[in-house]
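A closer look at the structure
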Amino acid sequence: MNNMIYLDNAATTRTKPEIVKAMLPYFSEYYGNPSSVYSFSNDSKKAVEKAREQVAEAIGANKEEIYFTAGGSESDNWALTATAEAYQGKGRHIITSKIEHHAVLNTCQYLEKRGFEVTYLDTDEYGVVDLVQLKAAIRPDTILISIMFANNEIGTIQPVKEIGEIAKEHGILFHTDAVQAFGHIPIQVDDLNISMLSASGHKLNGPKGIGFLYIRRGIKTRSFIHGGAQERKRRAGTENVPGIVGMGLAAELAVQTMEERAEKERTLRDYLISRIMGEVPYVRVNGHRTKRLPNNVNLAFQFIEGESLLIMLDMAGICGSSGSACTSGSLDPSHVLLAIGLPHEIAHGSLRLTLSEENTREEMDYTAEKIKEIVEKLRSMSPLYEDYLKGQSRT
């Protein structure tokens, strides 16, 4: 077994060697600017267009509907702000959920300060959006529904097809943050009635600093970055050719290996959950038990602090997370766990482990043993746990 067990693939993934190899020539050999007119730039230009085709094919889109960005957060910002600006003559109402990534939630707050109204939908205890509440929230001035494909913390997969159908029925644009889902579960934008989709390269063994936004043909979103004619005049700036090459190949490889990879991850995921649930008392699984990403394990342990658990797991050579990578430095409990109804004291004891196909059953056994050992140790020092046991002994 390796000295380190990496179980934080929702935060980022290892860039595959074959993807790094494909990127390298575009740093020093084919380094021409794709926007230049001389022949030396043609290799770069062709590489960008090939990657655009690879990404488009992965979601059943046309390559002209793919716009490269610097990552998922930029794509989310673009989808919401540019759409709001372009369609504000029709209405100024947006619908999203309380468990979105902060790239969506904070952008919605930004838009609220500029006169837009946002409805934040509740979810059930598993993190699934209430479709009845969604339908009830739609108004004549609703211009956009933005619901993530799968949650980055608890792994719950939303009823995207049904949401897309509701949006289409009412003539409303539907954006989905698919950063965690893209390359891990099947996505076909036409079948799901998706108007816009955000994704990022480093969540599927591609490089960091690259992502894309799918914009269905005919949608009149405004330009997001001004200054040049790149990305069909919608996103100015010299293209990140090595990153784009890596993103394209990562998308192609992810689709090719998806079924086999998901099956392996799902088997390891369920085995790890089964061991912990069977051997550690006072623990619950967060998120939907079956409608969840294949590699996501999210658990809440009573009577302990998640940060202490993370530190001790790190000392044991295990990399995990207490939630989203963007908020892991915060002392506040996860907004997602609070939204699905967990009290603060239990939400504080959360642990997110996200697997890859490179993990092994041996690693799951080691992780389960260490979690059992660490939780027992932390609870032995917890006055809350001691008081609870005393209370139980009196009943």
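Here goes a summary of the coordinates provided. Keep in mind that this is a model prediction, so the values were computed, not measured.

1. Quick notes on the overall build of the chain
When its secondary structure is counted, the chain shows 14 helices and 12 strands. Structurally, the chain occupies a C-alpha span of about 80 × 55 × 30 Å along its principal axes. For the chain, the proportion of contacts with a sequence separation of at least 24, taken over those separated by at least 6, is 73%. When the accessible area of the chain is evaluated, it comes to approximately 17200 Å², of which 51% is carbon and sulfur surface. Positive and negative charge centroids in the chain, built from 44 and 51 side chains respectively, lie 4 Å apart.

2. Describing the sheet that holds strand E3 (residues 93-97)
The strand order E2-E8-E7-E6-E5-E3-E4 describes an open sheet built from seven strands, whose pairing is mixed. The open sheet is flanked by strand E2 (66-69) and strand E4 (117-121), the only strands paired with a single partner. Here the strands of the sheet are splayed against their neighbours by 20 degrees on average, with no regard to which way each runs. Of the pairings in the sheet, the one linking E3 to strand E5 (residues 142-146) comprises three bridges and is parallel in character.

3. A look at the packing of helix H10 (residues 306-315) against helix H13 (residues 361-380)
Across the interface, H10 lies against H13 with an axial gap of 10 Å and an inter-helix angle of 130 degrees. As the angle between them shows, H10 and H13 are arranged oblique. Note that H10 runs across H13; the crossing there is right-handed. Residue-level inspection shows Ser 308, Leu 309, Met 312 and Leu 313 of H10 in contact with H13, the latter providing Lys 370, Ile 371, Ile 374, Val 375, Lys 377 and Leu 378. Of the residues assigned to the contact of H10 with H13, the class counts are seven nonpolar, one polar and two charged.

4. Some remarks on the packing of helix H9 (residues 241-279) against H13
At a minimum axis separation of 10 Å, H9 and H13 run at an interaxial angle of 25 degrees. Here H9 lies roughly parallel to H13, going by the angle between them. Considering how the two elements wind past one another, H9 and H13 form a crossing that is right-handed. Along the contact surface, H9 presents Leu 268, Tyr 271, Leu 272, Arg 275, Ile 276 and Glu 279, while H13 presents Arg 361, Met 364, Asp 365, Thr 367, Ala 368, Glu 369, Ile 371 and Lys 372.

5. Overview of the side chain of Arg 275
Structurally, the position occupied by Arg 275 is in helix H9. Given a relative accessible area of 14%, Arg 275 falls into the buried group. Within the structure, the side chain of Arg 275 is placed 2.9 Å from the side chain of Asp 365, a separation counted as a polar contact. Aside from chain neighbours lying at most four places away, what touches Arg 275 is Asp 365, Ala 368 and Glu 369.

6. Details of the pairing of E5
Burial analysis of E5 places five of its five residues in the buried class, which makes it a mostly covered element. Strand direction decides the pairing type here: E5 and strand E6 (residues 173-177), joined by three bridges, are parallel. Counted as the bridge partner of Leu 144 is Leu 173 from E6. Traced from E5 through helix H7 (residues 160-169) to E6, the parallel crossover comes out right-handed.

The rules behind these values
- Residues numbered from 1 in each chain as written.
- Predicted model: local features only at pLDDT ≥ 70, side-chain atom pairs only at ≥ 80, totals over all residues.
- Heavy atoms only, no water.
- Helix = DSSP H or I, 4+ residues; strand = E, 2+ residues; numbered from the N terminus.
- Contact = heavy atoms within 4.5 Å.
- Areas by Shrake-Rupley, 256 points an atom, 1.4 Å probe, with all protein chains shown as cover.
- Lys, Arg positive; Asp, Glu negative; His and termini not counted.
- Charge placed at Lys NZ, Arg CZ, Asp CG, Glu CD.
- Pairing = 2+ DSSP bridges.
- Axes fitted to C-alpha atoms, helices over the stretch in contact; angles between N-to-C directions.
- Parallel < 35°, antiparallel > 145°, perpendicular 65-115°, else oblique.
- Left-handed = near helix turned anticlockwise from the far one by under 90°.
- Nonpolar A, V, L, I, M, F, W, Y, C, P; charged D, E, K, R; others polar.
- Buried < 20%, exposed > 50% of the residue type's maximum accessible area, 1.4 Å probe, protein only.
- Polar contact = N/O pair within 3.5 Å; in protein donor to acceptor, adjacent residues only side chain to side chain.
- Right-handed = clockwise from strand over helix to strand, strands pointing away.

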